[in-house]
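Take a look at the letters that make up each chain.
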Amino acid sequence: MANRLANETSPYLLQHADNPVDWYAWGEEAFAAARAANKPILLSVGYSACHWCHVMAHESFENETIARQMNESFINIKVDREERPDVDAIYMQAVQALTGRGGWPMTVFLKPDGVPFFGGTYFPPEDRGGMRGFPFVLSAVLEAYRERPGDIDRAGEALLLQLDAPARVRPGDRLLTTEVLDAAAEALLAAHDPIHGGFGGAPKFPQAMVLAFLMRHYHRTNRPSVLEAVRRSLDSMARGGMYDQVGGGFHRYSTDAVWLVPHFEKMLYDNALLASCYLDAYKLTGDAFYKGIVTQTLDYVLREMTDPAGGFYSSQDADSEGEEGRFFVWTPAELEATLGADAEAVARYYGVTQGGNFEGANILNVPKPENEPPGLDAARAKLYETRERRVHPARDDKVLTAWNGLMLRAFAEAALALDEPRYREAAIRNADFLLGAMRPEGRLLRTWKGGTAHLIAYLEDYACLADGLLALYEATFEARYLTTAAQLAEEMIDLFWDDEAQGFFDTGRDHEALIIRPRDFWDNATPSGNSVAADVLLHLAALLDKPDYETRATTYLRALAPVVEQAATGFGRFLCALDFHLDRDHELAIVWPSGSPLPAGEGQGEGSAAPLLDTVRSRYTPNLLLFGGPSDDPAPPTPLLADKTALNGNAAAYLCERHVCQAPTTDPSELTRQLDEAGV
């Protein structure tokens, strides 16, 4: 018999709708029940692509005996961390304070008022490997709650003090200089693995935002060791098992230090951030290998992760047929059945052996890229066709605004750099979907599935969507995207800015009251809302002449600058925003005769600006402010276009340094010379 979760839209919650556990969704109904029965709350947080979430569900939540114990002793709440990042962040911080580590599934015990007093992550169904079994934990927690309420209250009070610490961070008075960037780069190089790339040991995460910052640092300093670290990391990831060598796209992370064995789920945000990162690497180095990774990744998203309405899905599972990675691995016999005489060369290239490298099968990887056989693309296509006949991993088909904003940016950047109409169309369609379906009554919403959007949006949703729209404006020069990004920024300030804290909170002033108002600074698997908000405000401050935006952004940057030098891997997007603030010296305006088509798309007719745009589209210019519009526009979207006109019926480019412009040119080669001479 289905429980209360049967009426939810989250694929993760629906996975638990038939558990014998009497689950509640997060909400007042659950807390009222806990107060009425004076029962502690068992909060379980996870997400649909999480392998260990599935394990604990099968072992414990589907177990009638354990479920009975849960139902008799607790009010049980199940939360999708992707829909409710606020709940996840608050209680993950509590678990980390209690245990020194975190992860999912997350299991937290709360008083009826929501204050946590004990927690952990995965618990086995019986004592195993030094871990207490879940039934024992349930009994011990219940006994403590009933017999030692004073201890429970004191534990909760101590945790609350720790949880509220980020809200007490106040503006700093440190002068922002490139010394912060240099110190962060040194710390990152010290943590870099010079053999296999990446940072630290196993498990290894892709750290796309950190690599993006290091590319900016190389662009400014021209230090060979920085570029070497970036390339070693990017090459190792893309040739390892963490990258899907057959279907494109990246798995979540590597369980080892050599990028061979991944955690097999695929997350939208990883692929968005990594597509942008590899695109930067292509523009910086000209290496076509990086371009190939970008196109394979974005094509995977278009093929497998895009809703007909235009939104991008959240994730694909690690498991299929009850086994982690089964969908993605190969045996020599399977290769031979698919490729025939070509199987031996392809197996050699992808490191396939009889013994295998993962539970008797093979995760495809490229140990020796110089051994690439002829006809590899055709072989990959055949392998993909064969794989498509397998049982697919489950897909979480909800659409999250923040993650879509990240992927919107990736498609927009690729559309501009590669001049690819498919990517431009996908970006426009996604933006129009988000601005329609996710704002049905004006207030931006967080999540959408099957035609219904709900849950008011968080700071990261506003910031990432505005960021994606700014990238789409650069890719299309359509004024509506810049105008809408500015509207979202105004709403973001109104809803999330706190004058006392002089910073952004993660939840809006119209959000439900939680035990604290969360305020996250860390760039983890996804960028923090604060980092993206600062970056967006800095760009809009320059484009729209809004000094107040710059003041708000730099207040945040100053407050966190001392912390960044101590933990640089946790501030990748922050460092990119700071780099833009310190190094944004040039603007490029491209204007064309009124009535001529936009330079994007099919705008190649008389007076077109496309040839001028071609000079900059694949150039690595991370801090160049690019904008454009028709000549003599009576209401340009940015005041920086004022007084800039086409010349003699031809599109013209104006390269400026802090608003002081060089002579406009209609000649692409002259624009290239100006860019080279300016060091842009």
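Structure: see above.
Rules of the game
Residues numbered from 1 in each chain as written. Predicted model: local features only at pLDDT ≥ 70, side-chain atom pairs only at ≥ 80, totals over all residues. Heavy atoms only, no water. Helix = DSSP H or I, 4+ residues; strand = E, 2+ residues; numbered from the N terminus. Buried < 20%, exposed > 50% of the residue type's maximum accessible area, 1.4 Å probe, protein only. Polar contact = N/O pair within 3.5 Å; in protein donor to acceptor, adjacent residues only side chain to side chain. Contact = heavy atoms within 4.5 Å. Phe/Tyr/Trp six-rings, centres within 6.5 Å; stacked < 30°, edge-to-face > 60°. Lys NZ or Arg CZ within 6 Å of the ring centre and 35° of its normal. Disulfide = S-S within 2.5 Å. Axes fitted to C-alpha atoms, helices over the stretch in contact; angles between N-to-C directions. Parallel < 35°, antiparallel > 145°, perpendicular 65-115°, else oblique. Left-handed = near helix turned anticlockwise from the far one by under 90°. Nonpolar A, V, L, I, M, F, W, Y, C, P; charged D, E, K, R; others polar. Pairing = 2+ DSSP bridges.

## Thoughts on the side chain of Asn 430
Point 1. Looking at where Asn 430 falls in the secondary structure, it is placed in helix α17 (residues 421-437).
Point 2. By relative accessible area, Asn 430 is classed as buried at 0%.
Point 3. Within the structure, the side chain of Asn 430 is placed 2.9 Å from the side chain of Asn 404, a separation counted as a polar contact.
Point 4. If we ignore the near neighbours within four places in the chain, the residues touching Asn 430 are Gly 310, Gly 311, Phe 312, Asn 404 and Leu 408.

## Focus: the packing of aromatic side chains
Point 1. In total, this model carries 31 aromatic pairs according to the counting rule given.
Point 2. Both rings, one in Trp 26 and one in Tyr 91, keep their centres 6.1 Å apart while their planes meet at 55°; by these two values the pair is tilted. With a gap of 65 residues between them, Trp 26 in the loop between β1 (23-25) and α2 (28-37) and Tyr 91 in helix α5 (residues 85-99) connect regions that are remote in the sequence. Residues Trp 26 and Tyr 91 agree in their burial class; the two are buried.
Point 3. Ring-pair connections join several aromatic residues into one group, and the members of that group are Tyr 243, Phe 250, Tyr 278, Phe 289 and Tyr 290.
Point 4. In this structure, Arg 4 is placed above the aromatic ring of Tyr 24, and the distance from its NZ or CZ to the ring centre is 3.8 Å.
Point 5. Its guanidinium or amino end placed over the ring of Tyr 300, Lys 266 lies 4.0 Å from that ring's centre, counting from NZ or CZ.

## Topic: the side chain of Thr 638
Point 1. By secondary structure assignment, the location of Thr 638 is in the loop between β19 (625-630) and β20 (652-657).
Point 2. For Thr 638, a relative accessible area of 0% gives the class buried.
Point 3. In this structure, Thr 638 is in contact with Tyr 473, Leu 482, Leu 543, Leu 544 and Phe 627, ignoring residues within four places of it in sequence.

## Focus: the state of the cysteines
Point 1. Evaluation of the coordinates by the stated rule reveals two disulfides.
Point 2. Disulfide pairing is shown between Cys 50 and Cys 53; the S-S distance is 2.4 Å. Judged by the sign of its S-S torsion, about 80°, the bond between Cys 50 and Cys 53 is right-handed. A single burial state applies to Cys 50 and to Cys 53, both of which are buried.
Point 3. Each sulfur of the disulfide joining Cys 656 and Cys 661 lies 2.0 Å from the other. Looking down the S-S bond of the Cys 656 and Cys 661 bridge, the torsion is 90°, so its handedness is right-handed.

## Structural notes on the packing of helix α18 (residues 459-476) against helix α19 (residues 479-496)
Point 1. Where α18 contacts α19, the axes come no closer than 8 Å and their chain directions differ by 160°. When the axis of α18 is compared with that of α19, the two are roughly antiparallel. Viewed along their axes, α18 and α19 form a crossing whose handedness is left-handed. Contacts from Leu 459, Tyr 462, Ala 463, Leu 465, Ala 466, Leu 469, Leu 470, Leu 472, Tyr 473 and Thr 476 in α18 reach Ala 479, Tyr 481, Leu 482, Thr 484, Ala 485, Leu 488, Glu 491, Met 492, Leu 495 and Phe 496 in α19.
Point 2. When the residues that make up the contact of α18 with α19 are grouped by side-chain class, the tally is 17 nonpolar, two polar and one charged.

## Comments concerning the sheet that holds β1
Point 1. One open sheet holds the five strands; their spatial order is β1-β3-β2-β4-β5, and the pairing between them is mixed. Strands with a single pairing partner mark the edges of an open sheet, and in this sheet they are β1 and β5 (116-120). Ignoring strand direction, the axes of neighbouring strands in this sheet form an average angle of 30°.
Point 2. Alignment of β1 against strand β3 (residues 75-80), held across three bridges, turns out to be parallel. Bridging across to β3, Tyr 24 finds its partner in Ile 77.
Point 3. α5 contacts β2 (41-46), β3, β4 (106-110) and β5 of the sheet and is inclined by roughly 80° relative to β5.

## Things to note about the pairing of β3
Point 1. Within β3, six of the six residues are buried, leaving the element largely enclosed by the surrounding structure.
Point 2. The two faces of β3 match: Ile 75, Ile 77 and Val 79 on one face and Asn 76, Lys 78 and Asp 80 on the other face are all buried.
Point 3. Sheet analysis places β2 next to β3, joined by six bridges and oriented parallel. Directly across from Ser 44, in β3, lies its bridge partner Lys 78.

Fair warning: the whole summary comes from geometry, so function is off the table for now.
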